[in-house]
Amino acid sequence: MSTMPVEISTVRNLVDEVPSFPESPDAKVSRILFFPDQPGRQGEGGLRMQGKFKKPMPEKPLVSILTVVFNGAQYLEQTILSVLKQDYENIEFIVIDGGSTDGTLDILRKYENAIDYWISEPDRGISDAFNKAVQLSAGDYLNFQGAGDLLVGGDAVSRMMEGVDAQRDMLISGRVQRIREHDPNEVLWVAPRRFSPSFNKRTLLFRMSLPHQGLLTNWRMFERYGLFDTDNVFSMDYEHLLRAYNEFPSVVMRDVIFSAWREGGIGLGRYAEILREYSKIKKKNKVAPTVVLELIGVWSYFKLLARTILGKKD
């Protein structure tokens, strides 16, 4: 039994019953509770290993917060604490570590009784780690936070989930702050800059307008469209959304600062590579005529050139 105090979000509503995962016949991904042992595994743990599980509740859909990390000990504990202080009544927390060597495992073991499940083993990059987290999740809604990203305030999840119908609402999108790496109190910008109660899918032709840090994705999106494409280095979440572009799901827009996204990461300073991946993804999913996508690509590169001349780093 967990020794964490009941005010910790992830130790509420624990059950001893092993959950089952009913699937539609056409589901493109299945759920599991544990990954089989892999070569190079450094450890696994969490509440599930103690026989404690989570399940959806009629009035409180289960929200899975999923974090992937590799050598992220410097900021990982801040991410963990931002999840544990949430006041929402039904949260599970899963952490996938890529085989860190910097003290990350010490932090995971420190919070052994507050994390639902964690594993540490080599993987094939962020997309692969995301896919492991998706398969391990039990939630109605899934949200991805990087090591160092933060849920903003103790009511971030509850504000996002207010009035949500898990049988109908597919995507719930909040706002995201970009914060300084060494000073999370310094906000660089907020996306979207202006809140709108409706979402226009055409914005996705120009940019990733539903960043994963601020997005709660209904599990049925993964059942319908499968896991992330591991060929993508930077924009696996963007590609996943564009698979659904022609029959885009319902989006509930929230005027809520949900997450603080810490600067840095794999994409820092690699904007040209990101744009090339964007272009490949849009053409692959045939979201617009080729000539339109080519014009958008030219516009994006000129915008990048302007940013470079002006010396903008983010």
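Our structure is the block above this text.
Positions within a chain are numbered from 1, following the residues in the order the chain's sequence is written. Only residues with pLDDT of at least 70 get local features here, since the model is predicted, and only at 80 or more are side-chain atom pairs given and counted; chain-wide, interface and lining totals rely on the full set of residues. The basis for the side-chain values is all heavy atoms of the structure; hydrogens and waters are excluded.

K.L.:
Help me get a handle on the overall build of the protein, residues and values and all.
P.N.:
Going along the chain from the N terminus, every DSSP run of H or I of four or more residues is numbered as a helix, and every run of E of two or more is numbered as a strand. Helix and strand content of the protein: eight helices and ten strands. C-alpha atoms define the radius of gyration in this analysis, and the globule rule sets the expected value at 2.2 Å times the number of residues to the power 0.38. Scaling as 2.2 N^0.38, a compact globule of 314 residues should have a C-alpha radius of gyration of about 20 Å, and the protein matches this with 19 Å. Oriented by its inertia axes, the alpha-carbon framework of the protein measures out at about 60 × 45 × 40 Å. Counting across all 314 residues of the protein, residues that qualify as buried make up 53%. Across the protein, the fraction of contacts at a sequence separation of at least 24, relative to all contacts at a separation of at least 6, is 81%. Summed over all atoms, the accessible surface of the protein reaches about 14700 Å², with 53% contributed by carbon and sulfur. Under the counting rule used here, the positive set is Lys and Arg, the negative set is Asp and Glu, and His together with the chain ends is not counted. Where a charge lies is defined by one atom per residue type, namely NZ (Lys), CZ (Arg), CG (Asp) and CD (Glu). In the protein, the 40 positive side-chain charges and the 41 negative ones have mean positions that sit 8 Å from each other. Note on exposure labels: buried denotes an accessible area under 20% of the residue type's maximum, exposed denotes more than 50%, and partly exposed covers the range between, all computed with a 1.4 Å probe on protein chains only. Note on contacts: a residue pair qualifies if any of its non-hydrogen atoms lie within 4.5 Å across the two residues. Accessible surface area values rest on a Shrake-Rupley calculation with a 1.4 Å probe, where residue burial reflects the displayed protein chains alone.

K.L.:
Account for the nonpolar core, naming residues and giving values.
P.N.:
Take the buried residues of types Ala, Val, Leu, Ile, Met, Phe, Trp, Tyr and Cys, join any two whose side-chain atoms come within 4.5 Å, and each joined set is a nonpolar core. Counting 33 residues, the largest nonpolar core has Ile 80, Ile 115, Val 157, Met 161, Ile 172 and Leu 216 as the members making the most contacts within it. Of all the secondary structure elements, the ones that give two or more residues to this core are β2 (63-69), α1 (73-84), β3 (91-97), α2 (104-110), α4 (156-161) and β10 (251-262). The leading source of residues in this core is α1, at five residues. Not counting chain neighbours up to four residues away, the residues in contact with Ile 172 comprise Tyr 141, Met 160, Met 161, Val 164, Gly 214, Leu 215, Leu 216, Val 252 and Arg 254. The next biggest cluster of nonpolar side chains, apart from the first, holds 25 residues, and it includes Leu 210, Met 221, Tyr 245 and Ile 281.

K.L.:
Before we move on, could you go through the environment of Leu 205 and cite the residues and values that matter?
P.N.:
By the secondary structure assignment, Leu 205 is in the loop between β8 (183-191) and β9 (215-218). Along the chain, Leu 205 and Tyr 245 lie 40 residues apart, while their C-alpha atoms are 9.7 Å from each other. If near-sequence neighbours (up to four positions away) are discounted, Leu 205 is found in contact with Tyr 238, Tyr 245, Lys 282, Val 287, Ala 288 and Ile 296.

K.L.:
Tell me about unusual backbone geometry, residues and numbers included.
P.N.:
Between Ala 191 and Pro 192 the backbone carries a cis peptide bond, its omega angle lying at -10°. Mapped onto the elements of the fold, Pro 192 is located in the loop between β8 and β9. The backbone of Lys 286 sits at a positive phi, close to 50°, despite the residue not being glycine. With respect to the element layout, Lys 286 can be found in the loop between α7 (271-285) and α8 (290-310).

K.L.:
Kindly report on helix α3 (residues 126-136), identifying the contributing residues and their values.
P.N.:
Of all eleven residues making up α3, nine are buried, and the element is well covered by its neighbours. Structurally, α3 contributes buried residues whose contacts are with β2, β3, β4 (117-120), β5 (141-144), α5 (219-225) and α6 (236-243).

K.L.:
Please set out the packing of aromatic side chains residue by residue, giving values where relevant.
P.N.:
Paired rings are identified among Phe, Tyr and Trp, the last through its six-membered ring, by centres lying within 6.5 Å, and are further divided according to the angle between planes into stacked (under 30 degrees), edge-to-face (over 60) and tilted (the rest). A complete count under the given rule lists ten aromatic pairs for this structure. Here a set of aromatic residues connected by ring pairs shows up, and it is made of Phe 130, Phe 144, Trp 219, Phe 222 and Phe 228. We count a charge as sitting over a ring when the NZ of a lysine or the CZ of an arginine lies within 6 Å of the ring centre and within 35 degrees of the ring normal. Lying across the ring of Trp 261, Arg 178 places its NZ or CZ 3.8 Å from the centre. For Lys 201, the ring lying beneath its charged end belongs to Tyr 245, and the centroid distance is 4.4 Å.

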